[in-house]
Amino acid sequence: MGNATEWYDYGVFTSGAIATAIGTVFFPGEGNAVLKSLALVAVGFIVRPFGGAFFGPLGDKLGRQKVLAITILLMSGCTFLVGCLPTYAGGYSIGIGAPIAILLLRLIQGFSTGGEYGGAATFIAEYAPTKRRGFFGSFLELGTLAGYVLGNIVVLAVTLSLSSDQVESWGWRIPFFVALPLGMVGLYLRSKLEDTPEFRRLEASGNKPAKAPLKEIFTRNWRMVMNLIGIVLLLNIADYMLLTTMPTYFTDTLKINDNTSTFIIIGVEVVQMAIILPLGALSDRIGRKPLLLTAAIGFIVLSWPSIKLMQSGSILWLVIGFLIVAVLLVLMLAVIGSTFPAMFPTRVRYGSFAIGYNISTSLFGGTCGVVVTALIQSTGNKDWPAYYLIAAALIAIIPILKIPETSQVPIEDIDTADSGGKLAGASR
């Protein structure tokens, strides 16, 4: 539910019609309204590492459940408040206060999101049975896809029901209002859950950190954090390329109608949702690394041909090209919820995951849409999405090969991890 709430926001913010409306009503002057909106999305990523450094170690000290209740409330509340904001000009306006207000909300949301993903993955991994951790972990990214699809469906309903003038005037607010009930459901569910068995075991043993273990993360687990950053580099460049950059790539670069673009993206994401749980279960049998390596090699070999298919001028070939990279992405999405938490011991699991994940996301994922769009506009070369994916995959192969295979390792055995990143029992 938390992941769905987070990605519902991205689905709304990056859809063609809403992105254009946000860029127009909040930011004065001439210029690309979509690029302004994507920049606003990127701004939220600046503070994500700070959110990870705050909420992650706090989750290791106080417990996963308490922190996750706070993060989902902040995320959904900020998205809702965006829909309530006055604009720069017009009848309900506050001038320069409007862009400042939306910027502050994005920063608060980015800060809270920094503590969300690592906590959610940790929570699932610490509850899941060892032999089914891949299956249960894949539900995390099912939430990502479901939230994004829901965001696009709500935007599609708004744009089909209203004229473009109505969308720009007031209709853009509607999708943001939906985030509040979505977050309230998530908050209710989280408030009814006990903390994880692993955290309760740590408490009972007396080994729970007395204070947020930020120093311990960097002194004893830095090698694994660096490996995590390298893998997340590819994961999030691919993720944000497909889910937040491609909608504007289709409409602005390939000149496809907004609604047609949205239908294509929703259809491909439904396919991803259909196969992600079976792929998670497959990783319980064959391991996480084979799926991660297949994805990385696939991005190196197939990214450029896929982009060329999208540029062919045929909707059919565009869908096929988009589907190829979407399937490669879902190979990673299916296993990260079970792979990343198992890289760290319980004492620092939440914090190590949150810090490494959000540093990489902030530097490479959040900036992906702005950088690729700007490169396309400045050079006139439409192939930049492929170049970006290939470079990321070449980097990620190295840490994928270095991390241990943990598909059959009990999560409690990982508490014996040493400073070199080797896991007791990882060869079982």
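Residues numbered from 1 in each chain as written. Predicted model: local features only at pLDDT ≥ 70, side-chain atom pairs only at ≥ 80, totals over all residues. Heavy atoms only, no water.

### Examining helix α20 (residues 384–402)
Note the cut-off: Secondary structure is summarised from DSSP: a helix means a run of H or I of at least four residues, a strand means a run of E of at least two, and numbering begins at the N terminus for each. Expected span of a helix, by definition, is 1.5 Å for each gap between consecutive residues, and there is one gap fewer than residues. Whether a residue is buried, partly exposed or exposed follows from its accessible area with a 1.4 Å probe, protein chains only, as a fraction of its type maximum: under 20%, in between, or over 50%, in that order. Contact definition: two residues touch when any of their heavy atoms are within 4.5 Å.
The terminal C-alpha atoms of α20 lie 29 Å apart, and with 19 residues this matches the ideal 27 Å at 1.5 Å per residue to within 8%. Regarding α20, the residues found buried are Pro385, Ala386, Tyr388, Leu389, Ala392, Ala393, Ala396, Pro399 and Ile400. Looking at the buried residues of α20, the elements they touch are α14 (222–253), α16 (289–310) and α19 (368–379).

### Things to note about the nonpolar core
The cut-off we apply is this: Among buried residues, the Ala, Val, Leu, Ile, Met, Phe, Trp, Tyr and Cys ones that are joined through side-chain atoms within 4.5 Å form a nonpolar core.
Phe250, Phe299, Phe322 and Phe340 are the most contacted members of the largest nonpolar core, which has 102 residues in total. Ignoring anything within four residues of it in the chain, the contact list for Phe340 reads Leu228, Ile231, Val232, Leu235, Phe353 and Tyr357. By size, the runner-up hydrophobic cluster in this structure holds six residues, among which are Phe55, Val67, Leu68 and Ala354.

### Some remarks on the confidence of the model for the protein chain
Where we set the bar: What pLDDT reports is the predictor's confidence in each residue, on a scale of 0 through 100.
Here the protein chain shows a mean pLDDT of 84. Residues at 70 or above account for 93%. Per-element mean pLDDT across the protein chain ranges from 72 in helix α13 (residues 214–220) up to 95 in α16. This stretch, residues 424–428, has a pLDDT under 50; its non-local contacts, to residues over four places away or in other chains, come to ten contacts.

### A short note on the packing of aromatic side chains
Operational definition: The criterion for an aromatic pair is that two Phe, Tyr or Trp rings (for Trp, the six-membered ring) have centres within 6.5 Å, with stacked assigned to planes under 30 degrees apart, edge-to-face to planes over 60 apart and tilted to the rest.
This model, assessed by the stated rule, comprises 17 aromatic pairs. Measuring from centroid to centroid gives 4.5 Å for Tyr117 and Tyr357, while their planes differ by 15°, and the two rings are stacked. With Tyr117 in helix α7 (residues 116–127) and Tyr357 in helix α18 (residues 349–365), the pair connects residues that are 240 residues apart, well separated along the chain. Judged by relative accessible area, Tyr117 falls into the buried class, the value being 2%. Put simply, the rings of Tyr117, Phe340, Phe353 and Tyr357 touch in pairs and so form one group of aromatic residues.

### Focus on the side chain of Gln65
Turning to its location among the elements, Gln65 is positioned in helix α5 (residues 64–84). We classify Gln65 as buried; its relative accessible area is 16%.

### Topic: empty space enclosed by the protein
We apply this condition: Cavities and pockets are found on a 1 Å grid laid over the protein atoms alone: a cavity is a set of points where a 1.4 Å probe fits but cannot escape, a pocket is an open set with protein on both sides within 12 Å along at least five of seven lines, and a lining residue has an atom within 4 Å of such a point. Grid points are joined across faces, edges and corners, and a volume is the space filled by probe spheres set on the points.
In total, this model carries four cavities of 30 Å³ or more according to the counting rule given. A volume near 80 Å³ is recorded for the largest cavity. In terms of lining residues, the largest cavity is bounded by Glu6, Asp9, Tyr10, Val41, Gly44, Phe45, Arg48, Met75, Arg106, Gln109, Gly110 and Thr113. Put simply, the parts of the chain that give the lining of the largest cavity at least two residues each are α1 (2–13), α3 (33–46) and α6 (97–113). The element that contributes the greatest number of residues to the lining of the largest cavity is α6, accounting for four residues.

### Description of the side chain of Asn358
Worth spelling out the cut-off: In the analysis that follows, any N or O atom pair within 3.5 Å is treated as a polar contact, provided that within protein one partner can donate a hydrogen and the other can accept it, and provided that, for residues neighboring in sequence, both atoms belong to side chains.
Along the polypeptide, Asn358 turns up in helix α18. Within the structure, the side chain of Asn358 is placed 2.9 Å from the side chain of Arg48, a separation counted as a polar contact. Asn358 has contacts with Arg48, Pro49, Gly52, Thr113 and Gly114, leaving out every residue within four places of it along the chain.

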